[in-house]
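# Geometric and topological summary
Residues per chain, in single letters:
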Amino acid sequence: MNLFADLHDRAKELLEPAIHDYYAGGAADEFALADNENSFARLALLPRMLRGGPPPEPRVDLPGAPGAAPVLVAPTAFHRLAHPEGELATARAAAATGTVLISSMAATTAVDEVVAAAREVRSDAAVWFQLYLQPDPEVTARLVERAESAGCTALVVTVDSPVFGDHVRDRRNGFHDLPPGYEAANMRDLPGGPPGGTRDIEMSPEISWRHLEVLRATTALPVLLKGILHPDDAHLAVAQGVDGIIVSNHGGRQLDAAPAPIDVLPRITRAIGGTLPLLLDGGVRRGTDVVTALALGAEAVGIGRPVLWGLAADGEKGVREVLDRIGADVVRAMALCGVRGPDDLTANLVVPRGFGGLR
Ligand SMILES: Cc1cc2nc3c(=O)[nH]c(=O)nc-3n(C[C@H](O)[C@H](O)[C@H](O)COP(=O)(O)O)c2cc1C
Ligand SMILES: O=C(O)C(=O)c1ccccc1
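Residues numbered from 1 in each chain as written. Chains lettered and ligands numbered in written order. Predicted model: local features only at pLDDT ≥ 70, side-chain atom pairs only at ≥ 80, totals over all residues. Heavy atoms only, no water.

The test is simple: UniProt positions are given in the numbering used here, feature names are shortened, and annotations may be inferred rather than shown by experiment.
Naming follows an unreviewed UniProt entry, where the protein chain appears as Alpha-hydroxy acid oxidase of Saccharopolyspora gregorii. The UniProt entry for the protein chain carries the following text under Cofactor (unreviewed entry): "FMN". According to UniProt, the comment filed for the protein chain under the heading Sequence similarities (unreviewed entry) is "Belongs to the FMN-dependent alpha-hydroxy acid dehydrogenase family."

### Comments concerning the nonpolar core
Our working definition: Definition used in this section: a nonpolar core is a set of buried Ala, Val, Leu, Ile, Met, Phe, Trp, Tyr and Cys residues joined via side-chain atoms within 4.5 Å. Burial classification: accessible surface area is computed with a 1.4 Å probe over protein chains only, and a residue below 20% of its type maximum counts as buried, one above 50% as exposed, and the rest as partly exposed. The helix and strand labels rest on DSSP assignments: H or I over at least four residues marks a helix, E over at least two residues marks a strand, and numbering proceeds from the N terminus. Contacts: residue pairs with any heavy atoms within 4.5 Å of one another.
Tyr23, Phe129, Leu215, Ile245 and Ile262 are the most contacted members of the largest nonpolar core, which totals 102 residues. Here this core gets 14 residues from one element, more than from any other, and that element is helix α12 (residues 305–337). Beyond its immediate sequence surroundings of up to four residues, tyrosine 23 is in contact with Leu15, Ala77, Phe78, His79, Leu81, Ala82, Arg253, Arg305, Leu308 and Trp309. Listed in part, the 15 residues of the second largest apolar core include Val60, Ala126, Val156 and Leu279.

### Regarding the environment of alanine 237
Position of alanine 237 relative to the elements: it lies in helix α9 (residues 231–240). Among the residues examined, alanine 237 registers a relative accessible area of 0% and is labelled buried. For the pair alanine 237 and leucine 225, spaced 12 residues apart in sequence, the C-alpha to C-alpha distance is 7.8 Å. Setting aside chain neighbours within four positions, we find alanine 237 in contact with Trp209, Leu225, Val242 and Ile245.

### Some points on the confidence of the model for the protein chain
Put simply, the rule is: Values of pLDDT, which run from 0 to 100, indicate the predictor's confidence residue by residue.
Of all residues in the protein chain, 99% have pLDDT values of 70 or greater, and the mean over the chain is 97. Scored by ipTM, the complex comes to 0.99, with pTM at 0.99.

### Points about the site of ligand 1
Stated formally: For each residue, the test is whether any non-hydrogen atom lies within 4 Å of the molecule or strand; if one does, the residue is near. Identification of polar contacts relies on pairs of N or O atoms within 3.5 Å, with a donor-acceptor requirement for protein atoms, meaning one able to donate a hydrogen and the other able to accept it, and with residues adjacent in sequence counted only if both atoms are side-chain atoms. Using a 1.4 Å probe, the Shrake-Rupley method yields the accessible areas, and only the shown protein chains count as cover for residues. When residues are grouped by polarity, Ala, Val, Leu, Ile, Met, Phe, Trp, Tyr, Cys and Pro land in nonpolar, Asp, Glu, Lys and Arg in charged, and all others, Gly among them, in polar.
For ligand 1, the set of nearby residues contains 23 residues, the closest of which are Pro75, Ser104, Thr158, Arg285 and Gly304. Within the backbone of glycine 283, a nitrogen or oxygen atom sits 2.9 Å from an oxygen atom of ligand 1. When the free accessible area of ligand 1 is taken as 600 Å², the share hidden by the protein chains comes to 98%. Mapped by element, the contributors of at least two residues to the shell around ligand 1 are α2 (17–24) and α12. Class assignment of the residues belonging to the shell around ligand 1 gives a composition of eight nonpolar, 10 polar and five charged.

### So, the pairing of strand β11 (residues 300–303)
Where we set the bar: Pairing between strands is defined by DSSP: at least two bridges between the two strands are required. Clockwise travel from the first strand over the helix to the second, with the strands pointing away from the viewer, marks a crossover as right-handed.
Neither face of β11 is open: one carries Ala300 and Gly302, the other Val301 and Ile303, and all of them are buried. Here strand β4 (residues 71–73) pairs with β11 via three bridges, running parallel. Within β11, the residue paired with leucine 72 across the bridge is glycine 302. Sheet topology places strand β10 (residues 278–281) next to β11; three bridges connect them, and they run parallel. Opposite leucine 279, over in β11, you have alanine 300 as the bridge partner. In the classification by handedness, the crossover that spans β10, the intervening helix α11 (residues 287–295) and the parallel β11 is right-handed.

Printed below as a string of structure tokens:
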């Protein structure tokens, strides 16, 4: 049970089973998928009382997104499979709530249309573009140009996908490609692709820090890396001069043996906390999860599947419901913990559940 259980139930009723499974599923045995939520459940918050502060107003300055809500929309593929308005509905709901939308390279709507929909609702809406570095740097460069001319204010480079994860449910359901009538619209008219058609998204183990360097030389946009889990990689990211890190195991869809992001966040914070903005996604389902992540060193978090459930259940209104619910729940959780501002979000707020008073 969580804050979005009703929307997930409704989405499950409405979606074709193979599409529901595509969204819900993880890699292999789904250990990482399960652990993402379970790891939050293994942590408790030790609240402070009678602190006499104003009502919490959680807002955060992120690269290309001043004054953003601390909960972002994580990039997820293929929103038109959830609702006919697809990414346009998601973009409008995110903009209306002051939420950063990380628009997926694998979207079924082109990024310029996504940004335009957000900016119609709110002229300063922040949309970041998520990107898989492509083996052909020309293809990557063209995608970056598209994101820049669309008006995206940061790039999120997903680094946890040298190959596709083994999505067992998709294999079982025979769900391998977008159904007819849908397209990965950002991949239209790219070098090496069919004329007038869309190019496949390539995932390649060849991709290295060198490709990232090339990318960073071609853009002035802030670049965040999504999918870092090892503290040594966090150090390398700092040395490269990136603008932020999203600690993530891709919602349990890539390496199934990967730890839950919330379990490695303290090590990453110890390694590089304070030098760059740290974000986290995976298993965030309630305000106390957000407070836990912020206390352990994240500036902000992303949510993936709950947005898809809201979108499938009720389009723009459903996504709005998801973002409003979690926003209000964050304020409630902070107030219940006696958090007055960012300075009160420290690691000593978090204890293991069932600690028996021994710590
Ligand atoms: C259906 C689905 C599609 C996704 N597509 C992408 C994608 O295109 N690019 C990407 O970087 N991450 C993608 N992700 C991973 C999310 O950005 C995020 O890391 C994850 O969903 C967070 O976990 P949560 O769903 O538990 O909130 C996808 C996740 C799901 C569930
Ligand atoms: O499904 C995913 O998790 C994902 O990241 C993806 C990547 C490329 C195309 C479609 C989905």
